[in-house]
Amino acid sequence: MSQYELDARRILCPMPVIRTQNRVVELQPGDTLIVTCTDPGALNDIPAWCRINGHTVIKTERRDDDVIITLEVGAA
Amino acid sequence: MTQRKAVSLISGGLDSLLATKVMLEQGVHVEGINFFTGFCVEGHTHAIRKRDQQKEKRNNALWCAEQLGVKLHIIDVIEEYKDVLLNPKHGYGANLNPCQDCKTFMIHKALEWIKAHDFDFIITGEVVGQRPMSQRKDLMPVIARESGANDLLLRPLCAKNLPETLPEREGWVDRSRLLDFSGRNRKPQMALAAQYGFTDYATPAGGCCFLTDENYSKKVVDMWQHRPSRDYELDDIMLLKVGRHIRPKDNFKLIVGREEGENKFMEGYRKQFISIYTTSHPGPLVLLDGRDISDADIELAGRITARFGQGRDAETVDVEARLPGGEIKTFQVAPMPPHAIKPEWYV
Ligand code: SF4
């Protein structure tokens, strides 16, 4: 189980969701992905995308202008 | 009996929500697909404009998928979509919306997707006669044919008004339980939504994208007219959604931030464009988009920039212009008087 990071700053939704989706496809169940965004809309969209597609959001936080979402990849 | 699998084009509107639900009710396995062309009406402007940030910023396609309990695949088609917008075989609608070609393109992409993922057919929320351009009854078979989907394309909300498709003939779905909606009357959809218990669904005023918007389309045309080629990047079409666009000369235009959220968003483009703001008074951030921008042009832009800041009535204001490479020019200008900003400069 590994941890990965994704920089999705300075792009607007739904691009951070698309980038997350395309990255998650390459990962294994149980892996963690930390996504950093600047569009606050990602705070709604990435968790919604995770709920629909069977992944788990472990943590969301705001740091300055960044929104950081940590998710665990679910079973395919 | 094997459970059949359909992919549903989910736009985020009510029709695709209902069409998907009708299929789920028949025991079909459905997954959603949503294409991002760069022009989609989604959270962008909310994300950019500070005063809209209190509003809920949900992505309606994701919201629909969650209501339905289906997966949603969002596909970036920005590059491929350029050809649809630049060379639509069937032309444009009231504005720059190439709806018929757009539908054909999306259904073709869905066809590729079902082949790659071993799905059986495609569904859409289209209703005959609902939109003048792409949902005319005579065009529906054309779209099915030109997309290559042919009778793998089922429109559950109006299927009874159309010839039988393969999923109906094969008994994968029960035609008698499909619908016969037609025309612009939205009442049947609203009644069905109530029956299924859907509330709070999105009701976009125009179409599903910015290309149906007159002002937005004008900005796209202006961009094309003032560039050597009509090609565009995602950044170009994003910036058309932001700020006031003012073109005082053929070779450049100003993008003037209208409020804090827009200024902040535009900050991210300072390495790509000349940016200007007034240092002696609070005011907007301005980007200059163009070519061969001279010092005189920058000064002219400085005067216009000053007009939109709090120094508009001062005799002179201090201006700072930053070039994409980081070089900084500072100068003083007299704010341009209001009457000197010609109405035709506004794009
Ligand atoms: S409104 Fe826009 S997204 Fe919808 S069919 Fe027309 S061009 Fe395509």
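This structure is a prediction, so every number in the text was calculated from the model and none was measured.

1. A short note on the domain arrangement of chain B
Moving on, step 1. Along its sequence, chain B is organised into domain 1 (5-211) and domain 2 (242-345).
Moving on, step 2. Here the C-alpha centre of domain 2 of chain B lies 41 Å away from the C-alpha centre of domain 1 of chain B.

2. A short note on the interface of chain B and chain A
Moving on, step 1. Between chain B and chain A, the contact holds 24 residues from the first and 20 residues from the second.
Moving on, step 2. Across the interface of chain B and chain A, roughly 1800 Å² is buried in total on both sides, 63% from carbon and sulfur atoms.
Moving on, step 3. At the boundary of chain B and chain A, one finds 2 salt bridges.
Moving on, step 4. One can count 4 residue pairs in polar contact (both at pLDDT 80 or more) joining chain B with chain A.
Moving on, step 5. Among the secondary structure elements, those contributing two or more residues to the side of chain B that touches chain A are helix 2 (44-48), helix 3 (60-68), strand 3 (72-76), helix 10 (234-239) and helix 11 (260-267) of chain B.
Moving on, step 6. Take the side of chain B that touches chain A: its biggest share by element is 5 residues, from strand 3 of chain B.
Moving on, step 7. Taken together, the residues of the side of chain B that touches chain A sort by class into 13 nonpolar, 5 polar and 6 charged.

3. Some details on the environment of Glu327(B)
Residue and element names in this part refer to chain B.
Moving on, step 1. Structurally, Glu 327 can be placed in the loop between strand 10 (317-322) and strand 11 (328-333).
Moving on, step 2. Judged by its relative accessible area of 47%, Glu 327 falls in the partly exposed class.
Moving on, step 3. When the C-alpha positions of Glu 327 and Ile 274 are compared, they lie 9.7 Å apart, and in sequence the two are 53 residues distant.
Moving on, step 4. In this structure, Glu 327 is in contact with Ala 321 and Arg 322, ignoring residues within four places of it in sequence.

Criteria and thresholds
Residues numbered from 1 in each chain as written. Chains lettered and ligands numbered in written order. Predicted model: local features only at pLDDT ≥ 70, side-chain atom pairs only at ≥ 80, totals over all residues. Heavy atoms only, no water. Domains from an automatic or database assignment. Contact = heavy atoms within 4.5 Å. Buried area = accessible area lost by both parts, 1.4 Å probe. Salt bridge = Lys/Arg side-chain N within 4 Å of Asp/Glu carboxyl O. Polar contact = N/O pair within 3.5 Å; in protein donor to acceptor, adjacent residues only side chain to side chain. Helix = DSSP H or I, 4+ residues; strand = E, 2+ residues; numbered from the N terminus. Nonpolar A, V, L, I, M, F, W, Y, C, P; charged D, E, K, R; others polar. Buried < 20%, exposed > 50% of the residue type's maximum accessible area, 1.4 Å probe, protein only.

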